[in-house]
Amino acid sequence: MVASSAPGKLILMGEHAVVFGQPAIATAISLRLKCKISPSSGFSVNGVPLSDRYHPYISSAVRKVWGSEPIAIDIVSEMPSSSGLGSSAAVTVAVLAALSQMKGQFSEKNVASNGFEVESEVQGRASPIDTSTCTHGRGIFIDRTPAADMLWEIKRDTRRWFIHHCDVPEMEMVVGYTGVVAHTGPLVAKVKHFADRSRFGMEIIEEIGSLTLEGLDKLKKGDRVALGGLMTKNQKLLAILGVSSPEIDKFIKVSLPYSYGAKLTGAGGGGSMIALTDHAKEVSEAIRKRGGTPIVVRTGAKGVTVDTA
Ligand code: MEV
């Protein structure tokens, strides 16, 4: 039996724009997904037959790296699915890590690169940010050019992403989960539609890229006031792209009086928002009062782990 676990993730700055090759910053969080895989008489997930329909990420991962020997896969996740917290990437990465360990082919780079292929197959257009963050853990900075601390490079069509380790300090952040299920694929397609048809749309995406570079500088300097301000500006641009939602806007509005900054995280359209704050209790209470589910998480968590029993 092989057991693996992968963290959830938060995108601090740059989601959606990163799909176009712009820079982005993400961190692994203290919520995890655990996976156990053992030989079996048939392919199953948590006791039910493995299917493309109900387990698209797991099916695609199994097809990509596994043969025909039947296996039983058991998954337990601390992240709600389609919440913007990386549950799809975490399940993809945890399953790929366990399967590649069983084949003696485990490496972070392999898992991250296969993970991106799986996400692209299931989601459609994608960037490697979620799968690389759930694989490497701690912090990730994606840039258009390679630099010191580069972990790996991922390519697709004309786009190239250089994935770097980034020292994200252990900070407490409040997640406001809306409970509204939002699928990433259609939101990514909506942004592409906008950018393909309007120069203004593409300018917003480029502006998110520039803000993210400023954000990296503030993160490195530990300047939470400036970083928070940039996150809030990033949110305004995401709203123009049409990926915020009434619930996200409401939770951001009530969090800001107690926070350095707040924005949606992940694909948006529902899912979750995050607040950078020293007042987790007040922010959590404000989100709860407006009908959301606050979750206090720690950033900088470790990446994928694999154990053979
Ligand atoms: C989703 O967590 C992040 C997006 O940028 C999509 C992607 O990068 O694949 C919205």
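The following paragraphs examine the structure supplied in this document. (Residues numbered from 1 in each chain as written. Predicted model: local features only at pLDDT ≥ 70, side-chain atom pairs only at ≥ 80, totals over all residues. Heavy atoms only, no water.)

The immediate surroundings of the ligand are formed by 15 residues, with Lys 9, His 16, Gln 123, Ser 127 and Asp 130 found nearest. The side chain of Lys 9 places a nitrogen or oxygen atom 3.0 Å from an oxygen atom of the ligand. Within the backbone of His 16, a nitrogen or oxygen atom sits 2.9 Å from an oxygen atom of the ligand. Relative to its free-state accessible area of 300 Å², the ligand is covered by the protein chains to the extent of 99%. Those elements that place two or more of their residues in the shell around the ligand are β1 (2-13), α4 (129-136) and α5 (184-197). Its residues assigned to classes, the shell around the ligand comprises 7 nonpolar, 5 polar and 3 charged. (Near = heavy atom within 4 Å. Polar contact = N/O pair within 3.5 Å; in protein donor to acceptor, adjacent residues only side chain to side chain. Areas by Shrake-Rupley, 256 points an atom, 1.4 Å probe, with all protein chains shown as cover. Helix = DSSP H or I, 4+ residues; strand = E, 2+ residues; numbered from the N terminus. Nonpolar A, V, L, I, M, F, W, Y, C, P; charged D, E, K, R; others polar.)

Here we come to the sheet that holds strand β10 (residues 259-265). Ordered in space as β10-β11-β9-β12, the 4 strands form an open sheet in which the pairing is antiparallel. If you trace the sheet from one side to the other, it starts and ends with β10 and β12 (293-298), each paired once. Each adjacent strand pair in this sheet contributes to an overall mean axis angle of 25°, direction not counted. In the sheet, β10 pairs with strand β11 (residues 272-277) via 6 bridges, with the strands oriented antiparallel. Its bridge partner lying in β11, Lys 263 is registered against Ile 274. Helix α8 (residues 246-255) contacts β9 (172-177), β10 and β11 of the sheet and is inclined by roughly 10° relative to β11. (Pairing = 2+ DSSP bridges. Axes fitted to C-alpha atoms, helices over the stretch in contact; angles between N-to-C directions. Contact = heavy atoms within 4.5 Å.)

Attention now moves to the environment of Asp 157. Among the structural elements, Asp 157 can be located in the loop between β7 (150-156) and β8 (159-165). On the basis of relative accessibility, which here comes to 61%, the residue Asp 157 falls in the exposed class. Looking at Asp 157, its side chain comes within polar contact range of the side chain of Arg 159, at 3.0 Å. (Buried < 20%, exposed > 50% of the residue type's maximum accessible area, 1.4 Å probe, protein only.)

Let's shift gears to the packing of α5 against helix α6 (residues 199-221). Relative orientation of the contacting elements α5 and α6 amounts to 120°, with a least axis distance of 5 Å. In the crossing of α5 with α6, the sense of the turn from one axis to the other is left-handed. Residues Val 191, Phe 194, Ala 195 and Arg 197 of α5 form the contact with α6, whose own contacting residues are Arg 199, Phe 200, Gly 201, Met 202 and Ile 205. Its residues assigned to classes, the contact of α5 with α6 comprises 6 nonpolar, 1 polar and 2 charged. (Left-handed = near helix turned anticlockwise from the far one by under 90°.)

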